[in-house]
Amino acid sequence: MKLANYVYGEWVEGVGEGTALRDPVTGEQLVTVSSDGIDVRRALDFARRTGGPALRAQGYEARAAMLDAIAKLLAANRAEYFDIALRNSGATEADCGFDVDGAIFTLKTYARAGKTLGAARHLKEGGRAPLAKTDAFQGQHFLMPLTGVAVFINAFNFPAWGLWEKAAPALLAGVPVLVKPATPTAWLTQRMVEDVVRAGILPAGALSIVCGSARDLLDHVEECDVVSFTGSADTAARMRTHPNVVARSVRVNIEADSVNSAILGPDARPGAPEFDLAVKEIVREMTIKAGQKCTAIRRVLAPAGVARSLADAVASKLAGCKVGNPRNEAVRVGPLVSKAQQAAAFEGIAKLREECDTVFGGDPAFEPVDAHGEDSAFVQPTLLYCDKGLDARFVHDVEVFGPVATILPYADTADAIALARRGRGSLVASVYSGDAGFLGELVPGIADLHGRVMVVDAAVGSQHTGHGNVMPNCLHGGPGRAGGGEELGGLRALAMYHRRVVVQGGPALLDALSRDAADAALLDA
Ligand code: NAP
């Protein structure tokens with residue numbers, strides 16, 4: 001079966017043989033995708049001219065109701081999505097939940113939040129700026145929805161959440177969406193789009209999908225479009241510097257890779273709750289989605305006197321995690337999504353081993369449960385130990401996109417800060433400590449190079465939402481290497497799909513424009 005593209009209000013099959021999507025456990029070919037023959041310029045034009053105006057003819061509240069309807073539809077089809085994710089991504093039940101349920105939860109969150117903006121169709125920001133000696137001439141800032149298309153170029157690891165965490169704020173803002181999922185796992189994204197289109201929840205042109213190569217997509221984006229990219233730093237650099245993107249100052253949001261850290265405070269010693277909480281989270285981060293999360297813990301910074309005990313504790317838990325075919329209920333860790341990803345992970349592990357010792361795993365010939373090594377894309381969970389601190393290079397630079405983490409001992413708080421900052425910009429750091437003095441120095445010390453800092457102590461216990469879990473009402477994105485993007489954060493995400501404009505004029509005009517506008521302060525609520 002070749003997956004159809006949905007463009008210019010039509011289902012269109014790409015020409016040619018297409019690219020095969022495979023089961024990473026068995027190697028079996030599942031479906032193919034092709035974008036060849038698709039008129040990408042026409043697809044974008046159709047979305048701009050048809051989908052955008054139809055969405056913006058409604059207010060925020062009505063669009064929030066569309067998100068709610070999408071969430072309900074996806075929830076009703078959940079079992080089918082789990083099945084596709086199992087076959088195409090080798091996802092365990094927990095992995096499927098992370099992606100599919102995460103998508104539904106995010107949509108519901110935006111549906112709820114969007115209601116608070118009421119029937120308004122744009123936003124008014126702040127008060128009047130006095131511009132003359134009398135009130136005759138003033139300025140008013142507005143946030144106006146963009147009249148372009150939100151173009152999403154997504155990564156393979158979140159075929160469900162990756163679409164909806166971006167689409168929820170875009171659609172709520174009144175901006176139509178064209179998604180190009182990553183090829184290896186495009187099936188789930190395509191099926192969700194197909195279901196939503198067939199259910200008639202959105203107006204024509206509000207949601208399009210192109211599966212396969214992005215081809216000349218970026219040649220046709222315009223001033224009022226947004227390109228939202230999630231993927232590797234190398235591809236991100238190509239997006240940013242694309243001549244048409246540069247020439248037309250197209251707004252680009254980049255969510256790229258990241259060498260995130262978990263940091264144990266001086267009080268997180270064996271026997272302390274913070275130590276146990278750290279061990280649990282490190283193992284969870286290494287195993288869920290087989291470590292294929294942009295937010296996953298890659299480096300673990302621990303006080304020098306604790307690092308070896310931590311390594312032993314994590315290794316003993318990893319030893320109990322069954323790795324193999326997710327169709328076997330005992331299995332906790334599935335494969336990577338493709339042989340190509342497996343090869344990239346092996347290459348990354350080999351680089352890390354140039355400066356690390358292996359504490360656990362790392363055997364390319366290990367036997368997965370109920371699967372054949374040669375057909376499948378498994379990587380054994382691998383824990384490494386590096387005592388080279390800032391002198392190490394690969395540990396801080398190489399993101400192995402798999403179940404791999406490295407423990408690094410640190411000497412003091414300044415050293416921990418320097419090591420965390422050496423990631424040169426990360427999505428998240430989690431800190432396990434209840435030591436106020438340490439936290440008071442560490443958190444501000446790393447804050448400007450992180451999008452999110454999660455602090456866990458004994459009082460928080462297991463109530464925390466997780467190192468790698470992106471909450472829709474909190475910011476997602478990180479500076480520097482992580483791409484410099486910002487997503488989610490509740491209604492704050494709508495800012496990317498609006499343009500700030502100040503209108504200068506008489507009070508009657510400004511009153512008229514302000515009358516039906518919602519207060520932009522609601523975005524920060
Ligand atoms: P990738 O190879 O960079 O691909 C990302 C997307 O870009 C895919 O849809 C890909 O399409 C497309 N693409 C590739 N070359 C392109 C070009 N020249 N023009 C237009 N589109 C192009 O990344 P990936 O391997 O899918 O994803 C893994 C990476 O994503 C990891 O590094 C991970 O850290 C990062 N990630 C980051 C976040 C975050 O929120 N920060 C979230 C998830 C993943 P094809 O698949 O068709 O090549």
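**Q** Before we go on, may I ask you to explain empty space enclosed by the protein in this structure?
**A** One way to see where empty space is left: roll a probe the size of a water molecule over the atoms. For the structure on display, the rule yields five cavities of 30 Å³ or more. Counted as a void, the largest cavity has a volume near 100 Å³. Around the largest cavity, the lining is made up of 13 residues, and of these Asn157, Phe158, Trp161, Gly162 and Thr230 lie nearest the centre. The greatest single-element share of the lining of the largest cavity, amounting to four residues, is contributed by helix α5 (residues 161–173). Quantified by volume, the second largest cavity comes out at close to 80 Å³. Around the second largest cavity, the lining residues are Ser89, Gly90, Ala91, Asp95, Phe156, Asn157, Lys289, Ala290, Gln292, Gly334, Pro335 and Val337. A breakdown of the residues in the lining of the second largest cavity according to their chemical character gives five nonpolar, five polar and two charged.

**Q** Before we go on, may I ask you to explain the pairing of strand β8 (residues 177–180) in this structure?
**A** In summary, the side chains of a regular strand alternate between the two faces of the sheet. Neither face of β8 is exposed, since Val177 and Val179 on one face and Leu178 and Lys180 on the opposite face are all buried. The sheet contact formed by strand β7 (residues 150–153) and β8 spans four bridges and is parallel. The partner of Val151 across the bridge, within β8, is Leu178. Note that the unit made of β7, α5 and β8 has a crossover that is right-handed. Of the pairings in the sheet, the one linking β8 to strand β9 (residues 207–209) comprises three bridges and is parallel in character. For Val177, the partnering residue across the bridge sits in β9 and is Leu207. Once the chain exits β8 it traverses helix α6 (residues 186–199) before rejoining the sheet at β9, and the crossover so formed is right-handed.

**Q** Explain the packing of helix α2 (residues 60–76) against helix α4 (residues 93–115) to me, please; I cannot follow it from the model alone.
**A** Packed helices, taken two at a time, are described by the angle their axes make and the gap between the axes. Close contact between α2 and α4 brings their axes to 8 Å; oriented N to C, the two are set at 160 degrees. Between α2 and α4, the angle falls in the class roughly antiparallel. Viewed along their axes, α2 and α4 form a crossing whose handedness is left-handed. Touching Tyr60, Glu61, Ala64, Leu67, Asp68, Ile70, Ala71, Leu74 and Ala75 of α2 are Ile104, Leu107, Lys108, Tyr110, Ala111, Gly114 and Lys115, all from α4. A per-class count over the contact of α2 with α4 returns 11 nonpolar, one polar and four charged.

**Q** So what exactly am I meant to see when it comes to the site of the ligand here?
**A** Around the ligand, the surrounding shell holds 28 residues, and the nearest of these are Asn154, Thr183, Ser232, Thr235 and Glu399. Within the side chain of Glu399, a nitrogen or oxygen atom sits 2.6 Å from an oxygen atom of the ligand. Protein chains shield 81% of the accessible area of the ligand, which is 910 Å² for the free molecule. In this structure, the ligand is accommodated by the largest pocket. Among the secondary structure elements, those contributing two or more residues to the shell around the ligand are β10 (226–230) and α7 (233–240). Looking at which element gives the most residues to the shell around the ligand, the answer is α7, with three residues. Taken together, the residues of the shell around the ligand sort by class into 13 nonpolar, 10 polar and five charged.

**Q** Would you mind showing me how to read the side chain of Glu399 here?
**A** Looking at where Glu399 falls in the secondary structure, it is placed in the loop between α12 (394–397) and β16 (404–410). Within polar-contact distance, the side chain of Glu399 engages the backbone nitrogen of Ser258 at 3.5 Å. The contacts of Glu399, once residues within four sequence positions are left out, are Asp257, Ser258, Val259, Arg298 and Arg481.

**Q** Please explain helix α9 (residues 273–287) as it appears in this structure.
**A** Structurally, the α-helix is built with 3.6 residues per turn, so residues lying three or four positions apart point the same way. Taking 1.5 Å of rise per residue, 15 residues should cover 21 Å, and α9 covers 21 Å from first to last C-alpha, within 8% of that figure. Here α9 lies mainly inside the structure; 11 of its 15 residues are buried. Residues of α9 that are buried: Glu274, Phe275, Leu277, Ala278, Val279, Glu281, Ile282, Val283, Glu285, Met286 and Thr287. Positioned one or two residues after α9, Lys289 has a phi angle of 55 degrees, which is positive.

**Q** Just to check I follow, could you spell out the pattern of salt bridges for this structure?
**A** One side chain can pair with another of opposite charge once the charged atoms of both are near each other. Evaluated as defined, the whole model comprises 21 salt bridges. Salt-bridge contacts for Glu285 lead to Lys293; the nearest nitrogen and oxygen are separated by 2.8 Å. Taking the relative accessible area as the measure of exposure, Lys293 reaches 0% and is therefore buried. Overlapping salt bridges, with partners in common, bring together Asp45, Arg48, Glu222 and Asp225 in one network.

**Q** Help me out: how do you make sense of the sheet that holds strand β22 (residues 518–519) in this one?
**A** Whenever strands of a sheet pair, they do so through backbone hydrogen bonds, lying parallel or antiparallel. Spatially, the four strands line up as an open sheet ordered β21-β6-β5-β22, and their pairing is mixed. Here the strands that pair on one side only, and so sit at the sheet edges, are β21 (498–505) and β22. The pairing of strand β5 (residues 123–130) with strand β6 (residues 138–145) spans five bridges and is classified as antiparallel. Looking at β6, one finds that Leu123 is bridged to Leu143. Relative to the sheet, helix α15 (residues 507–515) contacts β5, β6 and β21, its axis offset from that of β6 by approximately 25 degrees.

**Q** What's the story with the sheet that holds strand β15 (residues 382–385) in this structure? I'm lost.
**A** Here we have seven strands laid out as an open sheet, ordered β14-β15-β16-β13-β12-β17-β18, and mixed in their pairing. Because the sheet does not close on itself, it has two edges, and the strands there are β14 (357–360) and β18 (450–456). Pairs of neighbouring strands in the sheet enclose a mean axial angle of 25 degrees, with direction left out of account. Note: β15 against β16, four bridges, orientation parallel.

**Q** Looking at this structure, I do not really get the layout of surface pockets. What am I missing?
**A** Of the voids in this model, the largest pocket is the one considered here, and its volume is about 860 Å³. If you trace the largest pocket, you find 37 residues lining it, with Gly231, Ser232, Asp257, Gln341 and Glu399 closest to the centre. Counting residues per element, the ones that place at least two in the lining of the largest pocket are β10, α7 and α11 (339–353). Of the residues in the lining of the largest pocket, the class split is 17 nonpolar, 10 polar and 10 charged.

**Q** Which parts of the structure should I look at to understand the environment of Ala20?
**A** Secondary-structure assignment places Ala20 in strand β3 (residues 19–22). Judged by relative accessible area, Ala20 falls into the partly exposed class, the value being 28%. With 473 residues separating them in the primary sequence, Ala20 and Ala493 have C-alpha atoms 35 Å apart. Ala20 has contacts with Gln29, Val31 and Thr32, leaving out every residue within four places of it along the chain.

About the thresholds
- Residues numbered from 1 in each chain as written.
- Predicted model: local features only at pLDDT ≥ 70, side-chain atom pairs only at ≥ 80, totals over all residues.
- Heavy atoms only, no water.
- 1 Å grid on protein atoms, 1.4 Å probe; cavity = no way out; pocket = protein on both sides within 12 Å on 5 of 7 lines; lining within 4 Å.
- Points joined across faces, edges and corners; volume = space filled by probe spheres on them.
- Helix = DSSP H or I, 4+ residues; strand = E, 2+ residues; numbered from the N terminus.
- Nonpolar A, V, L, I, M, F, W, Y, C, P; charged D, E, K, R; others polar.
- Buried < 20%, exposed > 50% of the residue type's maximum accessible area, 1.4 Å probe, protein only.
- Pairing = 2+ DSSP bridges.
- Right-handed = clockwise from strand over helix to strand, strands pointing away.
- Axes fitted to C-alpha atoms, helices over the stretch in contact; angles between N-to-C directions.
- Parallel < 35°, antiparallel > 145°, perpendicular 65-115°, else oblique.
- Left-handed = near helix turned anticlockwise from the far one by under 90°.
- Contact = heavy atoms within 4.5 Å.
- Near = heavy atom within 4 Å.
- Polar contact = N/O pair within 3.5 Å; in protein donor to acceptor, adjacent residues only side chain to side chain.
- Areas by Shrake-Rupley, 256 points an atom, 1.4 Å probe, with all protein chains shown as cover.
- Sits in = over half its atoms within 2 Å of the grid points.
- Expected span 1.5 Å × (residues − 1).
- Salt bridge = Lys/Arg side-chain N within 4 Å of Asp/Glu carboxyl O.

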